[in-house]
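For reference, the chains in residue letters:
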Amino acid sequence: MTDPDPPHTAHLTISAFASASRLSVKALRLYDELELLPPARVDEGNGYRLYSPAQLPDARLIARLRGLGLPLADIRRVLDALPAHRPELLRSLWAQQRAEHTRRAELARLILCQLQGETTMPNHVVQTRSVPAQPVATLTRRVGVAELPAAIGAGLSELQQQLAAQGARPTAAPFVIYHGEVNADSDGPIELCQPYAGALQPVSGLILREEPAHHEAFVTLTKAEFAFPTILSAYDAAESFARAHGQSGPLHCREVYPHDWDRLNEDDAAGEVAWPYTPR
């Protein structure tokens, strides 16, 4: 690695640099492996990492950003940004962190209510409907929680474009089936579905199949209520109703999106959480 300092500049051993930067030796080794904070030099004779005093500001910045709980990938973005752009980037990243904290606090509240035997769904009105068999065009995706809203938007848009390009037309609201949990440890999969009529070919990952007729319990939500983890109480309400009035079949829970999401206000009815079941 090219030495960024003049030859006379004294370099610090990894232990000395750890002490000066208030980072552990273990952390410095990790940041080197990730190319987040590589040493200024590596001694060719003994392989020792040597750091420049000029690297201390970035090292201390990393320590403070980690104290905020920022992921290493976001810290890399701050370090790679021009100094003039760093403040606005950090404001954006910190806003995301605060939003995530709010989501976790709400999730903790819901879990505590359940553990204490309290209801988490006082305002949900559960309705039922019969859904006829219908042909659907689908795309399957594996996504994490953070990527889920964008994946749904992009996937449903892609389905509409495929229908338009091939001359087919939508016949009902699109919906998203959850074939598995989407959480910190599971990526679904989710299946994005668009009921359609007309000639359609299975191209570009498109799958054509028939969604069987079924009954479902559903809860209508506003756009704001679709946010995680608020939406979980709607799933609880729909599932509880379905189990009380019938039994679950082979079909999985889903979200139905009958409106143009981007044009909705936060208080507008945006769609439904639905739980298929077989009535008694």
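Here the structure is a predicted model, which means the values were calculated and not measured.

It is worth spelling out unusual backbone geometry at this point. Cis geometry is found at the peptide bond from Gly188 to Pro189, where omega equals 10°. By the secondary structure assignment, Pro189 is in the loop between strand 9 (186–187) and strand 10 (190–197). In this structure, Pro229 follows Phe228 across a cis peptide bond, with omega equal to 5°. Summarising the element assignment, Pro229 is placed in the loop between strand 12 (214–222) and helix 7 (230–245). We note that Glu35 has phi near 60°; this positive angle belongs to a residue other than glycine. Here Glu35 is to be found in the loop between helix 2 (25–33) and strand 2 (41–42).

Considering all chains together, one arrives at six aromatic pairs under this definition. Look at Phe17 and Tyr51: their rings are 4.4 Å apart centre to centre, the planes differ by 15°, and that puts the pair in the stacked class. With Phe17 in helix 1 (residues 14–21) and Tyr51 in strand 3 (residues 49–51), the pair connects residues that are 34 residues apart, well separated along the chain. Note on Phe226 and Tyr257: the rings are 5.3 Å apart at their centroids and 35° apart in plane angle, and the pair reads as tilted.

The sites that carry the UniProt feature "domain: HTH merR-type" (unreviewed entry) are, in the present numbering, residues 11–81. In the segment residues 11–81, helix accounts for 54% and strand for 10%; the C-alpha atoms at its two ends are 26 Å apart.

This next bit is on helix 1. By the burial criterion, the buried members of helix 1 are Ile14, Phe17, Ala18 and Ser21. An end-on view of helix 1 places all buried positions within 105° of arc, on one side of the element. Tucked into the core, helix 1 has its buried residues touching strand 1 (12–13), helix 2, strand 3 and helix 3 (56–67). Directly beyond the C-terminal end of helix 1, a positive phi value near 65° is found at Arg22.

Parameters and conventions
Residues numbered from 1 in each chain as written. Predicted model: local features only at pLDDT ≥ 70, side-chain atom pairs only at ≥ 80, totals over all residues. Heavy atoms only, no water. Helix = DSSP H or I, 4+ residues; strand = E, 2+ residues; numbered from the N terminus. Phe/Tyr/Trp six-rings, centres within 6.5 Å; stacked < 30°, edge-to-face > 60°. UniProt positions renumbered as here; feature names shortened; annotations may be inferred. Buried < 20%, exposed > 50% of the residue type's maximum accessible area, 1.4 Å probe, protein only. Arc of directions from axis to C-beta. Contact = heavy atoms within 4.5 Å.

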